[in-house]
Amino acid sequence: MIRIMRFSPRLAACLLFGGVFVLALAAGLPAGAGARAGSATLQSRAAKTPKQKAARISAGDIHSCAVVSGGKVKCWGDNSLGELGNGTLTSSTTPVTVKALSHALSVGAGFSTTCALIRGGKVKCWGYDWAHLTEDGEIDSHYIRRTPRTIRGVSHAVALSSGAYHACVLLSNGKVKCWGQDLSDQLGKGAKGDSSSATLVRGLGKAVAVSAGYSHTCALLASGRVACWGDPNTGLGDGGNETGPTPVMVVDLKKAVAVSAGSDLSCAVLSTHKVKCWGTNANNASGDYDGSETPVLVAGLRKVAAISAGDAYACARLSNGQIKCWGWNEHGELGDGTTNGHYPAVAVKGISHAVDVSTGIGEFTHHACAILAGGKVKCWGANSEGELGNGKKAYNPTPVSTSGITDAATIGAGDDHTCASLSDHTVKCWGLNSTGQFGNGKTTGSASPVSTSVIPQATSVSGDASHTCAVVSGGAVYCWGNNAAGALGDGSWNHGHKGNDDNDFSVKPVRVSGITGATAVSAGGYHTCALLSDRTVKCWGLNSDGQLGSFTSLFSLVPIAVPGVTDVVSISTGYEHSCAVIASGKIYCWGANDQDQIGNGGDDNTDWPPVEVSGITTAVAVAAGTGHTCALLSGGAVKCWGEVDTPTPVSVNGIVGAAAISAGYNYSCAVLAVGTVKCWGSNDHGQLGNGTTSDSTSPVTVSGITNATKISAGSYHACAVLSGGAVKCWGYNRDGELGNGDLGYSSTPVGVVGLR
């Protein structure tokens, strides 16, 4: 047997997405902007090497894991206790696939234990069950789980966080349950006692996020306060009152929007996008050399979107995608190319447009990993067991690419697929179809259009990364594809695809419950909104950032009314926010505001219920992108806001006489009244359509289009409907989303097969 002492002062803890995982994951994510999970390899004329799209990342003690395509999980590093979940005890310096696990929404790597949140709200774990140490602190090999097993007592979970020896989930009703080792009261049940099944945290108010640390746990409450419980020696932020069997309030901390519990420190992101930390570490990670029993402000950090606290160090993801770390740096865990500790924070080298970050914590190793928007997984720091995933076992103080996981997906409407409603009221789709985005009863992708299963008289269609919705004659709405958090709106978690209870997507259209008289529908990241004939709006699905417009962050499986918004004439959903134009010409937005996409000049990370966009009074249409929003004004001018630097609307120079607009991931497009199309913003995949891959801060003309009538911008590709009904697309084309029968991006428009 292997001996592991229960009282080891710093073995490990792991924090997911800054210790907070919000259910928003399946394909198209971004994971954030964000990453998306989800995708099967396209079946087309040419065979392809499968691409693994990382959606969520988690750095454990001396192993790491990521959610990749199709909701599967890959892990790398130490496997002596089965933490890689591949049925063996053999360690690996490159990623291996966890057996018998699919449709994972998030993953959490702790000390020799890994857990995954599965669509439908269940949790599966593998590795060592820390509730079953022997009395003398030895590991009983009977409790080494080489493959995933379901945790008892967990249902309708919407968020997961793994600590060192325990894990916790946030349930849809705002309650928290934990399981694992309880030596320091980190389970929060009021009396010590290890548990292999989930137990309810006592005395906790309504939570909206949870973070499990080394020997303590913290929860973000709906009020914006933070409560912690567990080992008081780690610093619970209560001023040193030395309580902890049940939750205690962190003092002098209000309006928090995220929390991360580390080894012996904890940190919170405030609504001002600044960070406060507290704890007993002595390495400056909390901003105080001797530590602090109450929260202290971390100097030099602005516009923070997410936080992840490690063992005497921490990392923050900024709204611009940069990562900054501070504190202990013996193994290069700060990623700045040195092994010198730093305070204030230093930038991680070579990281931009990050959408997820996770710090690893352990007595003998420290590392961190990030997913980049549009690219790769990169890790840095300690690497004694291959936890960086680059095929080696040497530490690296700057980020290195993890082998075999490329093309990390980002969020946006129609990320990897495209759909069109035709003049005969049918719908055709092309591109990726891994979760039934086509609605044709299959999951096989296509580089040319295929017909959606029969739905009655479609009048309009809207698609996000992994689900699609259509308004039909009479005003009903049908949706199909990914149903994470209820994005299909029919009241169901699970459509039992191929009889697998873990699958919650529908390969055929299902009718949205309670929607009649719809005049428009907009599919967002993992939520959907419909405009009704009485000019009100109803939304359903994920609500982690208030994107449904309600007064909570709880998701909804069926449509709920957006309060306070009436006389609506146009709607648009982005990745994590939504907007509506009202008849007076004003715009109201609600949901995530981490990149100023709400447009009210405020700095709150999340806004609900709806707030008025500053300075817009003549809008006729609105387009919500990933982290920005644009408005079409009555005179044909366009104003945009968001992407961190523009909290209120500014005019887009060079756009005159616009007739339609659409916003994608870091870029936007407009159809002008004369029929030409202009785009501006990011262009790494040719999504601006001007024959180059150079970004442009001012509008450039899309090549060869003179008679466009409509425009739709996805994450990295865009499509235009031409007069006469032909469709042309340009940009990214990994999964056939351009619809021209080929693969490979095109920086100029190409005709869609059968729609030319």
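This is a predicted model, so every value here is computed, not measured.

K.L.:
Mind showing me how you'd approach the overall build of the protein chain here?
P.N.:
A count of helical and extended segments in the protein chain gives zero helices and 56 strands. For the protein chain, buried positions account for 66% of its 756 residues. Only carbon and sulfur atoms are counted for the fraction: they give 49% of the accessible area of the protein chain, which is about 23,300 Å².

K.L.:
Even after reading the chapter, I still don't get the environment of Cys630, so can you show me in this structure?
P.N.:
For Cys630, the location among the structural elements is in strand 46 (residues 628-633). Sequence-distant contacts of Cys630, defined by excluding residues within four places in its chain, comprise Ala621, Val622, Ala623, Val638, Lys639, Cys640, Trp641, Ile661, Ser668 and Trp680.

K.L.:
How should I be thinking about the packing of aromatic side chains in this particular structure?
P.N.:
In this description, a pair of aromatic rings is defined by centroid distance and the angle of the planes. Under the counting rule described, the total for this entry stands at eight aromatic pairs. With centroids separated by 5.7 Å and ring planes inclined at 80 degrees, the aromatic side chains of Tyr665 and Tyr716 adopt a geometry described as edge-to-face. Taken together, the positions of Tyr665 in the loop between strand 49 (658-663) and strand 50 (667-672) and Tyr716 in the loop between strand 53 (708-713) and strand 54 (717-722) put the pair 51 residues apart, joining distant regions of the chain. Assessed through its relative accessible area of 5%, Tyr716 is described here as buried. Three or more aromatic residues joined by ring pairs form one cluster here, namely Phe111, Tyr128, Trp130, Tyr165 and Tyr214.

K.L.:
Which parts of the structure should I look at to understand the side chain of Arg119?
P.N.:
Structurally, Arg119 is set in the loop between strand 7 (113-118) and strand 8 (122-128). For Arg119, a relative accessible area of 2% corresponds to the buried category. A polar side-chain atom of Arg119 sits 2.9 Å from a polar atom in the side chain of His103.

K.L.:
Where do I start with the environment of Tyr214 in this structure?
P.N.:
Here Tyr214 lies in the loop between strand 14 (207-212) and strand 15 (216-221). For Tyr214, a relative accessible area of 7% corresponds to the buried category. On a C-alpha basis, the gap between Tyr214 and Ala164 in space is 4.8 Å, while along the polypeptide they are 50 residues apart.

K.L.:
What should I look at first to understand the nonpolar core in this one?
P.N.:
Inside soluble globular proteins, nonpolar side chains tend to come together where they are buried. Core analysis: the largest hydrophobic core is formed by 37 residues, its most contacted members being Val123, Val154, Val169, Val176, Trp179 and Leu204. Listed by contribution, the elements that provide at least two residues to this core are strand 7, strand 8, strand 10 (157-162), strand 11 (166-171), strand 12 (176-180), strand 14, strand 15 and strand 16 (226-230). For this core, the element with the highest residue contribution is strand 11, accounting for five residues. Among residues more than four places away in sequence, those in contact with Val169 are Val123, Val154, Ala157, Ala159, Leu160, Lys175, Val176, Lys177, Trp179 and Val210. Counting residues in hydrophobic clusters, the runner-up holds 18 residues, among them Val671, Val702, Ile705 and Ala718.

K.L.:
Before we go on, may I ask you to explain the confidence of the model for the protein chain in this structure?
P.N.:
As a general rule, the predicted coordinates of low-pLDDT regions are not to be interpreted in detail. Of the residues in the protein chain, 79% have a pLDDT of 70 or more, and the chain-wide mean is 79. Taken together, the stretch residues 1-51 has pLDDT below 50 and engages in 256 contacts with residues farther than four places along the chain or on a different chain. This model gives residues 406-415 a pLDDT under 50, and the stretch forms 78 contacts once residues within four places in sequence are excluded.

K.L.:
Looking at this structure, how should I read the state of the cysteines?
P.N.:
Working definition: the covalent bond between the sulfur atoms of two cysteines is a disulfide. This model, assessed by the stated rule, comprises 13 disulfides. A sulfur-sulfur distance of 2.1 Å marks the disulfide that ties Cys168 to Cys178. The chirality of the disulfide connecting Cys168 with Cys178 is right-handed, given an S-S dihedral of about 105 degrees. Residue Cys168 is located in strand 11, and its partner Cys178 is located in strand 12; the two are separated by ten residues in the primary sequence.

K.L.:
Any chance you could explain the sheet that holds strand 20 (residues 275-279) here in plain terms?
P.N.:
The pairing of strands in a sheet comes from backbone hydrogen bonds and takes either a parallel or an antiparallel form. Taken in spatial order, the four strands of this open sheet run 18-19-20-21, and their pairing is antiparallel. The open sheet has two edge strands, strand 18 (256-261) and strand 21 (292-297), and neither has a second partner. This sheet shows a mean twist of 15 degrees between the axes of neighbouring strands, independent of strand direction. As paired elements, strand 18 and strand 19 (residues 265-270) share five bridges and run antiparallel to each other. From the neighbouring strand, Ala256 faces strand 19, where its bridge partner is Leu270.

K.L.:
Before we go on, may I ask you to explain the pattern of salt bridges in this structure?
P.N.:
If charged atoms from side chains of opposite charge come close, those side chains can pair. Summed over all chains, the structure comprises five salt bridges. The partner of Asp182 in a salt bridge is Lys189, and the shortest N-O contact between them spans 3.8 Å. A salt bridge links Arg535 to Asp567, with the nearest nitrogen and oxygen atoms 2.9 Å apart. With Arg535 in the loop between strand 38 (527-532) and strand 39 (537-541) and Asp567 in the loop between strand 40 (556-561) and strand 41 (568-573), the pair connects residues that are 32 residues apart, well separated along the chain. Under the relative-accessibility criterion, Arg535 is labelled partly exposed at 37%.

K.L.:
What should I look at first to understand the pairing of strand 39 in this one?
P.N.:
Each regular strand carries side chains that alternate between the two faces of the sheet. When you tally the buried positions in strand 39, you get four out of five residues, the bulk of the element. Summarising the sheet, strand 38 and strand 39 pair through five bridges and their orientation is antiparallel. Paired with Thr528 across the strands is Trp540, a residue of strand 39. Turn length for the strand 38-strand 39 hairpin, with the two strands adjacent in sequence and antiparallel, is four residues, and the turn residue Arg535 shows positive phi of about 65 degrees. Relative to strand 40, strand 39 runs antiparallel, the two being bridged by three bridges. Following the sheet pairing, Cys539 is matched in strand 40 by Ile560.

K.L.:
So what exactly am I meant to see when it comes to the sheet that holds strand 56 (residues 746-751) here?
P.N.:
Here we have four strands laid out as an open sheet, ordered 53-54-55-56, and antiparallel in their pairing. Unpaired on one side and paired on the other, strand 53 and strand 56 mark the two borders of the sheet. On average, each strand axis in the sheet is inclined to that of its neighbour by 20 degrees, with strand direction left out of account. Here three bridges tie strand 55 (residues 727-731) to strand 56, and the two strands are oriented antiparallel to one another. Bridging across to strand 56, Lys728 finds its partner in Gly751.

K.L.:
When you look at unusual backbone geometry in this model, what are you seeing that I'm missing?
P.N.:
With the exception of glycine, the majority of residues adopt a negative phi angle, and the majority of peptide bonds are in the trans configuration. Cis peptide bonds are those with omega within 30 degrees of zero, and the linkage from Tyr343 to Pro344 qualifies with 10 degrees. The residue Pro344 is located in strand 25 (residues 342-347) in this model. Its identity is not glycine, yet Lys303 carries a phi of approximately 55 degrees, on the positive side. On the basis of relative accessible area, Lys303 is assigned to the partly exposed category, the value being 21%. Of note, Arg535 is a non-glycine position whose phi angle comes to about 65 degrees, a positive value.

K.L.:
What is the right way to read the pairing of strand 7 from this model?
P.N.:
Judged by how many residues are buried, strand 7 sits mostly within the fold: six of six residues are covered. Of the two faces of strand 7, the one lined by Thr113, Cys115 and Leu117 and the one lined by Thr114, Ala116 and Ile118 are each fully buried. Two elements, strand 6 (residues 104-109) and strand 7, share five bridges in a ladder whose sense is antiparallel. Bridging from a neighbouring strand, Gly108 pairs with Cys115 of strand 7. Between strand 6 and strand 7, which pair antiparallel and follow one another directly, the connecting turn spans three residues, one of which, Ser112, has a positive phi of 65 degrees. With six bridges connecting them, strand 7 and strand 8 associate as antiparallel partners. Within strand 8, the position partnered with Thr113 by the bridge is Gly127. Two successive antiparallel strands, strand 7 and strand 8, enclose a turn made up of three residues, where Gly120 displays a positive phi of approximately 105 degrees.

Basis of the calculations
Residues numbered from 1 in each chain as written. Predicted model: local features only at pLDDT ≥ 70, side-chain atom pairs only at ≥ 80, totals over all residues. Heavy atoms only, no water. Helix = DSSP H or I, 4+ residues; strand = E, 2+ residues; numbered from the N terminus. Buried < 20%, exposed > 50% of the residue type's maximum accessible area, 1.4 Å probe, protein only. Areas by Shrake-Rupley, 256 points an atom, 1.4 Å probe, with all protein chains shown as cover. Contact = heavy atoms within 4.5 Å. Phe/Tyr/Trp six-rings, centres within 6.5 Å; stacked < 30°, edge-to-face > 60°. Polar contact = N/O pair within 3.5 Å; in protein donor to acceptor, adjacent residues only side chain to side chain. Core = buried A, V, L, I, M, F, W, Y, C linked by side-chain atoms within 4.5 Å. pLDDT = per-residue confidence, 0-100. Disulfide = S-S within 2.5 Å. Pairing = 2+ DSSP bridges. Axes fitted to C-alpha atoms, helices over the stretch in contact; angles between N-to-C directions. Salt bridge = Lys/Arg side-chain N within 4 Å of Asp/Glu carboxyl O.

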